[in-house]
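Breakdown of the fold
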Amino acid sequence: MSGFTARFGRMKAAGIIAGFSVAAIVATALPGVALTNASWTNNQWDNASLGVLNCSAPNSFKTQGSGTFLQANVLPVPPASIADVKGEDVTNPATGGATPTPANFSPAGSTKLDDFTYANPLDVTALGALDADLGNLLQLPLSTTVGVYNQYGQAHDNGTSAGAAGAVNNSGAIALTGVTPPASLPGAASLDLTTLLTSVLGPLGNGVGHLANADVGFGAVSSSATLDACNAAFAKTLVGNLVRSYNIASLNADINSPLVAATVTTATTTVNGLQGTVNGLVGPTGSVLGSVTGALDSVLGLLHSALGVNGNVTIGATVDTTTLLVDLTGPIHDTNNIVSINLGTGDVTVDIAKLLGGVNGRNANTQLLVDAAAATTLTNAVTQAVNSLITTVTADVNALLDAIKLTVNITVDTGVLGLGQLCVGATNAPLGDLVSGAVQLTSTPACTTGVSGLLSGVLTTLTSTFGATIGNALLTGLAPVTTGLISGLTTGLVNPLVANVAPILTALLGSGGVLGLVVNEQNAPQGPSGTIPSTFTSVQAGQYDVGAVGVQVPNALGAGNGINVDLARSSVGVNCPVGGNVAPCAAY
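These notes cover the structure that comes with them. (Residues numbered from 1 in each chain as written. Predicted model: local features only at pLDDT ≥ 70, side-chain atom pairs only at ≥ 80, totals over all residues. Heavy atoms only, no water.)

**Overview of the overall build of the protein chain**
When helices and strands are tallied, the protein chain shows twelve helices and 29 strands. With 588 residues in all, the protein chain has 48% of them scored as buried. Taking as baseline every contact in the protein chain between residues at least 6 positions apart, the subset at least 24 positions apart corresponds to 73%. Of the roughly 24300 Å² of accessible surface on the protein chain, 55% is carried by carbon and sulfur atoms. (Helix = DSSP H or I, 4+ residues; strand = E, 2+ residues; numbered from the N terminus. Buried < 20%, exposed > 50% of the residue type's maximum accessible area, 1.4 Å probe, protein only. Contact = heavy atoms within 4.5 Å. Areas by Shrake-Rupley, 256 points an atom, 1.4 Å probe, with all protein chains shown as cover.)

See the structure below:
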């Protein structure tokens, strides 16, 4: 068989030797490609072309590629009556160039990138009309600048085509997993589920069930599909020749509970009032002053009762609540950042992507479910977040108490007895140091005059013990306030959040929940796959679609009235060879 050469690649070339039968390449992966056998039995060379597939020849393939940012289906409303976001659908009939399909093309917003490629930025006006059709369940980014979300189609006559949608550029490239999109890129959509969630859960008592709203928000989403039909025909497989990708920048559930904000407001009110509370304790009628003057009378003993020696006590204090207030108003989160709680607003945000171990790189048609294991993980995350707040607040309270600055003056005057005058005090002394004895009251030389031996013992007692006496009296007076602050947070914040956040997410995304989320939607998947979404089951043979995420709300608009939404849906095919020994395919 010397002299025979067969090369199979993007360009077919074959020589035929006598007695050797050659079967034309069979494109089993593509529709409309019939098996063609050619054989020669005479012993002579034949260098004629077989004319089966020539991937470099012009006008050899009919191709199609499209991208649509959003497709919606409201049941049982006929699709034709729903406002549509016009995508980019590009076809090449192998007759001299690609064209956008008129039925799915908005000329005013489209950009011709080359003879085979078109891009059509998102039509914001259409989103507003679609919002109304969906009963405001789906909040779309109406403030999106035209061009931020793109819809892309490409159809070459050599068998290659591509489609892309969402956060994609004019080359059809999408953001890779883990790559943060530009800060200017808005979220793709927000689902307002308050009414649905309340109808399922009912009132939850004194917990997070006091909902102001609950929604699920998607960050930037994107998908792309490419198909090299000629290589697929030669290789008899789509593997490596059909590539479908998607990316979801973020996926969060947001729950707002006024109860959380009210609890924190109560706590901050208490903290803001600490200075006044302290002033009341150390003031002329306060319990601290009363304790100190009583102790002073005891120290003076006979000097007071028999000789009329009197003491005068003044105490002032300043409280710095800055750190405690900052920590009280949040936000707080667990160490894995699954849960974030804005204590000022009452917003509880759950990062669903982190909770479920990621939403990118999933098998085709993966439904995101908050199962029992995920619910336990979520409960643990909430527990960790709010308990860390209690730990922080407790430490802040202790630090605040220790750091209260006291200015103390005690004067003992014997008056006409001529026994002299003594004064002790401290200026801006930290409460914690007074209690521990690290700082003591000291004699004031300018005030202490002519102290007799009779008063020297009194002076020693005042300087060595009265700092701790004053400090402990103040701590005793503040104890109900500070312990009440912490116990109030535990009762009003920790307990309800831990008890209710996981059940809410389970009601949203658990098995049989009010919301179905499917990522990496595909028809005819090449790898492991879950149930193919109903919006993908009607795709014609030879067409291959991918959607970043599908949203299914079975009873969104009442019993039996559901909504299916596909975000960032891309499509390639049907791509069909034309001419030669193969049958024509789709008529476009």
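**Focus on the side chain of S66**
Take S66: it is sitting in strand β5 (residues 61-74). Residues contacting S66, with those up to four places away along its chain left out, are E88, D89, Y152, G153, A162, G163, A164, R569, S570 and S571.

**Focus: the packing of aromatic side chains**
For the structure shown, the criterion picks out zero aromatic pairs. Lying across the ring of F536, R569 places its NZ or CZ 3.9 Å from the centre. (Phe/Tyr/Trp six-rings, centres within 6.5 Å; stacked < 30°, edge-to-face > 60°. Lys NZ or Arg CZ within 6 Å of the ring centre and 35° of its normal.)

**Describing the side chain of T263**
Secondary-structure assignment places T263 in helix α4 (residues 258-272). T263 sits in the buried class, given a relative accessible area of 12%. Apart from residues lying up to four places away in sequence, T263 is in contact with G488, L489, G492 and L493.

**Brief notes about the nonpolar core**
Counting 111 residues, the largest nonpolar core has F218 and I404 as the members making the most contacts within it. Take this core: its biggest share by element is 21 residues, from helix α12 (residues 453-509). Formed by 13 residues, the second largest nonpolar core is a distinct cluster that contains F61, A225, L227 and V546. (Core = buried A, V, L, I, M, F, W, Y, C linked by side-chain atoms within 4.5 Å.)

**Topic: the pattern of salt bridges**
Under the counting rule described, the total for this entry stands at three salt bridges. The partner of K112 in a salt bridge is D115, with the nearest N and O atoms 3.6 Å apart. Accessibility expressed as a relative area gives 49% for D115, which makes it partly exposed. Between R569 and D545 there is a salt bridge, with the nearest N and O atoms lying 3.1 Å from each other. One end of the pair, R569, is in strand β28 (residues 563-572); the other, D545, is in strand β27 (residues 544-553), with 24 residues separating them in the sequence. With a relative accessible area of 10%, R569 lands in the buried category. When its relative accessible area of 3% is taken as the criterion, D545 is described as buried. (Salt bridge = Lys/Arg side-chain N within 4 Å of Asp/Glu carboxyl O.)

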